[in-house]
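Structural overview for review
Here is how the chains run, residue by residue.
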Amino acid sequence: FLFFVKNLRQEGRSEHPQASTQEPDSNSKIITPQPPGSVPSPERGSDFTSNIMNFGRQMSKRLSENDGPPPGSGALVEAIDNEKDDDIVTGGGIELTTRTGHARLKDVIDIPEEDILREINREFPKADTLPNAYAVIQTCLSSPEGGKYEGAGYSVGDWVEIQGPDTKWRLATVRRIIKQAPDEWDWNDEDNIGKEPNWEFYYNCGEQRMLEEEYLRSPKEGLMRIFGRRPWVWQSYALLRYENFVRFQANHENDFDEVDAQEYARQLWTEWLENERNGDFKAVYDDVGEIGQQELLEHILSPFIDIDDVTETENGTWDFDDENISAFTYLAVLGTGALIPLICLTMQIAIPLLLFQNAKAGRLGLPGSHEGSGYEAIDSILTCSPGTYSNFGDDSTDQAGFNTRNGKIMSTLVVIFYLFQVVPDTMHSFFNTAGTADTSYSKIMSMRKMVWDQGDDYIGQMIGYKLDLYMNTVFECFLYSLNLFIIYNTNDILDVILNALAIEFVHQLDEGFRASSWWDGNDRAIQAGVVELIIQKTLSLNMLKDYKRFAKWIGEDEEKVKAACGGEGECLYNRKLALSDNENVEFMNGDEAWEWRCAEAAKKLGRKFAIEEYEKPFSYFGFEGKLYEVLTGRNDLAYFNKLESFRVWSRWEQVLFMAAIPGKETWDEGAKEELEKVESNLETTFANHNVIAGTSPMWAFTVEVFEVLTFLYTWRSVKTCFKNKNYVAMVFRLLDGSFNWLCYFFQLAFPFLTLFLLGYFAKCY
């Protein structure tokens, strides 16, 4: 298991989807660290970083005690180790590389030891260093250094947020910048002599290496301290506007696959920014300058950038042909289309039970068996006495039966195969399903987990998510354990093979349904579901329903927010008002008003095709959505209509400009001393900063396993649902907690069970 975890960590570092697979070559140029003089550069590192520093100290001590560096070198290490950020000279990094990226030996030899120690200390800081408020603010406002950094978006030592393979953004430090010529650049080309290429920059941040700049952004914590919460209120509004605008209608200009989400959002941003009621924000926005403006806009548009990445099937990073996406995944994402998953679940439970019942009779009729007891196989397992139950085998006939040499060899070889093939596969599937691997399926599961943790999912989504999770983790272990039980009770080698094939059939049943051409042949349904999931995970739906939580979030008086919400406690959630506001031209732009008026005219004329052109249709995945509409008259389960009740545009107009804007004196240079005292820790954690796991998805996964096994995860989920007043979800999570514990425990115990059976089969078969 430890070997497997080690490999996963290495795999996560080397196969990051946003990281270039190229290693620095002759075109590469390593840029050594140069943190800004007043900005703390270290990040709370991993145990690996801490061990490196401890190892360095121990080696320094040993060298100073023997024939190493002269006396005083240990004091030098200690002095540099304790060096404060204010003592670091900006621009004092070591420049070694030539035009082609190779260091000169003479230059390396001439470098003082003090400079090398300082470089290592900057790139691999002490593990107990935490980001402070001043550091995260400076990343949002300061321009990258020139010189070696010319053209790079960030500097070494900047605190940034990086997007991991699980789509989560995490706070980390830029440790190193790699300056690399493009692949097509040829240094030996005569036309390139004396010229500089268009350098490409890659970043080492936290535990991630060779990250492209598009997967870095300024810290949310710093931006909120400068601009307040108002831009994020707009972000929620813009996402609801986008969901209302797009449709699930192939070959239509407003189809979700055709609309440029970023361009749509930028138009809304410009309208909001220039609104006369937004004058106080516009003043701060203009004052921070182009860099601060660009960093804010890039951050606020992140969900729209992710949406475009999903819909750009040719150039995007998503692969919806991922074989792990199953029928249960569709239910987990869309919340509808439950019929096939339920049929699938029934078959995947019934077939193994039938095989188990048949396997129990495997030793019936053998001399010495307790025929008629119904527990012959169980008795044999408990007593491990094959002689009592199996006297058929005869090694002279090469029959691989019970209690024969060939039979024992065959069964033992099967267990060995399980130990070295099936066990790693199940563990990798566990890691993948948990949402921390580098696959499209894992990204989906990661986003589903975010929505689950927020308590914002619907009942259909909850059922689908847990079925998908269990059927791809503990159910696999159960199936393979059952197969070993069947092998133990099978007296014919052909039956062993056939039963193994039956198990594989059961295992792949849910993925098989999804792979059918009639299911979702062009992947439009799952694409639309993932776009909806991005919106759902970005919005805090339960917070938008509660005026008290919303008021606390934006830092305004509760009564003022309640008055803006019409005196209702549900605040930005009201179905009746949403239906009325959505047909009010005062809350539409010109294009929307034109389409609405044309749709109304088409209805009066009875022009079916005109109605389909101008009015957003309600499309469903599965039959229950349409049935729900027929029975209730509601279309909440349609594509891009699940958030219909949040479209209370009249109330959004009131709260869009309500959040207070921080004064400049709270974040400029005059507040530096106070801001440096504000650190991210377990009590007051900065946005997107994981104090325990850092930037490693693997460590985040390890922490999750620990929390599940100690019921901390269940307790937190129950508290979230209670705070959201979602009592149905709270009961669901209580029941899920115990089952979740059993699943994680059995998943972790499966390798040890297989190892035990290796010796058991050799003795007892």
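Residues numbered from 1 in each chain as written. Predicted model: local features only at pLDDT ≥ 70, side-chain atom pairs only at ≥ 80, totals over all residues. Heavy atoms only, no water.

Attention shifts here to the overall build of the protein. Helices and strands together make up the secondary structure of the protein, namely 35 helices and six strands. When the accessible surface of the protein is summed, it comes to about 35000 Å², and 56% of that surface belongs to carbon and sulfur atoms. (Helix = DSSP H or I, 4+ residues; strand = E, 2+ residues; numbered from the N terminus. Areas by Shrake-Rupley, 256 points an atom, 1.4 Å probe, with all protein chains shown as cover.)

With that settled, the discussion passes to the pattern of salt bridges. Scanning all chains against the criterion turns up 25 salt bridges. The partner of D457 in a salt bridge is R733, with the nearest N and O atoms 3.3 Å apart. Taken together, the residues D457 in the loop between α17 (440–454) and α18 (459–471) and R733 in helix α35 (residues 727–764) connect sequence positions 276 residues apart. For D457, a relative accessible area of 5% gives the class buried. For the salt bridge of E556 with K560, the shortest nitrogen-to-oxygen distance reads 3.7 Å. Residue class for E556 comes out buried when judged on its relative accessible area of 19%. Among the charged side chains, a salt-bridge network with shared partners connects R575, R634, D636 and E644. (Salt bridge = Lys/Arg side-chain N within 4 Å of Asp/Glu carboxyl O. Buried < 20%, exposed > 50% of the residue type's maximum accessible area, 1.4 Å probe, protein only.)

Let us look at the pairing of strand β5 (residues 208–212). When strand β4 (residues 200–205) meets β5, the two strands line up antiparallel, connected through three bridges. Directly across from Y203, in β5, lies its bridge partner L211. Hairpin remark: β4 followed by β5, antiparallel, with two residues in the connecting loop; positive phi at G206, about 60 degrees. (Pairing = 2+ DSSP bridges.)

Right, let's talk about a negative patch on the surface for a bit. A surface patch of negative charge is lined by D186, D189, E190 and D191. Take D191: it is sitting in the loop between β3 (169–180) and β4. Judged by its relative accessible area of 53%, D191 falls in the exposed class. (Patch = residues over 30% accessible without salt bridge, like charges linked within 9 Å, V, L, I, M, F, W, Y side chains within 5 Å. Lys, Arg positive; Asp, Glu negative; His and termini not counted. Charge placed at Lys NZ, Arg CZ, Asp CG, Glu CD.)

Glancing now at a nonpolar patch on the surface. On the surface, L339, I343, F623, L627, V630 and L631 cluster together into a nonpolar patch covering about 600 Å² of accessible area. Broken down by secondary-structure element, the contributors of at least two residues to the nonpolar patch are α13 (339–360) and α30 (623–632). Element by element, the count of residues in the nonpolar patch is highest for α30, at four residues. Note on placement: I343 falls in helix α13.

So, on to the side chain of T167. With respect to the helices and strands, T167 occurs in the loop between β2 (159–163) and β3. The contact partners of T167, leaving out residues within four places of it in the chain, are K443, S446, M447 and M450. (Contact = heavy atoms within 4.5 Å.)

With that settled, the discussion passes to the side chain of D456. With respect to the element layout, D456 can be found in the loop between α17 and α18. At 6.8 Å, R549 is the nearest oppositely charged side chain to D456, a buried residue that forms no salt bridge. Non-local contacts of D456, meaning those with residues more than four positions away in its chain, are made with V451, Q536, L539, S540, L541 and N542.

If you walk through the whole model with that rule in mind, you get 40 aromatic pairs. Both rings, one in F256 and one in F640, keep their centres 5.5 Å apart while their planes meet at 40 degrees; by these two values the pair is tilted. Here F256, found in the loop between α8 (230–245) and α9 (261–273), pairs with F640, found in the loop between α30 and α31 (649–655); they are 384 residues apart in sequence, far enough to count as distant. Look at F256 and you get buried, because its relative accessible area is 0%. Judged by relative accessible area, which is 0%, F640 ranks as buried. Taken together, a centroid distance of 5.9 Å and an interplanar angle of 70 degrees make the contact between W518 and W519 edge-to-face. (Phe/Tyr/Trp six-rings, centres within 6.5 Å; stacked < 30°, edge-to-face > 60°.)

Relative placement of two packed helices is described by the angle separating their axes and the distance separating the axes. Running from N to C, α17 and α18 cross one another at 135 degrees; their axes reach a closest spacing of 11 Å. Taken together, the axis directions place α17 and α18 in an arrangement best described as oblique. Handedness of the crossing formed by α17 with α18: left-handed. Counted together, Y441, M445, R448, K449 and W452 of α17 and Q461, M462, Y465, K466, D468 and L469 of α18 form the full contact between these two elements. When the residues that make up the contact of α17 with α18 are grouped by side-chain class, the tally is six nonpolar, one polar and four charged. (Axes fitted to C-alpha atoms, helices over the stretch in contact; angles between N-to-C directions. Parallel < 35°, antiparallel > 145°, perpendicular 65-115°, else oblique. Left-handed = near helix turned anticlockwise from the far one by under 90°. Nonpolar A, V, L, I, M, F, W, Y, C, P; charged D, E, K, R; others polar.)

With that settled, the discussion passes to the environment of V259. With respect to the element layout, V259 can be found in the loop between α8 and α9. Residue V259 is classed as buried on the basis of its relative accessible area, which comes to 10%. Taking the C-alpha atoms as reference, V259 lies 9.3 Å from F245; in sequence the two are 14 residues apart. Those residues in contact with V259, other than ones at most four positions away along the chain, are Y242, F245, V246, E253, N254 and D308.

In this section: the packing of helix α19 (residues 474–488) against α35. The contact between α19 and α35 brings their axes to 9 Å, and the two run at 15 degrees. For the element pair α19 / α35, the angle class is roughly parallel. The chirality of how α19 crosses α35 is left-handed. Only C743, F746, Q747, F750, L753, L757, Y760, F761 and C764 of α35 make contact with α19, whose side of the interface consists of V474, C477, F478, Y480, S481, L484, I487 and Y488. Split into classes, the residues belonging to the contact of α19 with α35 amount to 15 nonpolar, two polar and no charged.

A word on the state of the cysteines. Summed over all chains, the structure comprises one disulfide. The residue that forms a disulfide with C565 is C571, at a sulfur-sulfur distance of 2.4 Å. The same class applies to C565 as to C571, namely buried. (Disulfide = S-S within 2.5 Å.)

Predicted confidence across the protein gives a mean pLDDT of 79, with 77% of residues reaching 70 or more. Taken together, the stretch residues 1–73 has pLDDT below 50 and engages in 172 contacts with residues farther than four places along the chain or on a different chain. Per-residue pLDDT stays below 50 along residues 365–375; that stretch engages in 24 contacts with residues further than four places along the chain or on separate chains. (pLDDT = per-residue confidence, 0-100.)

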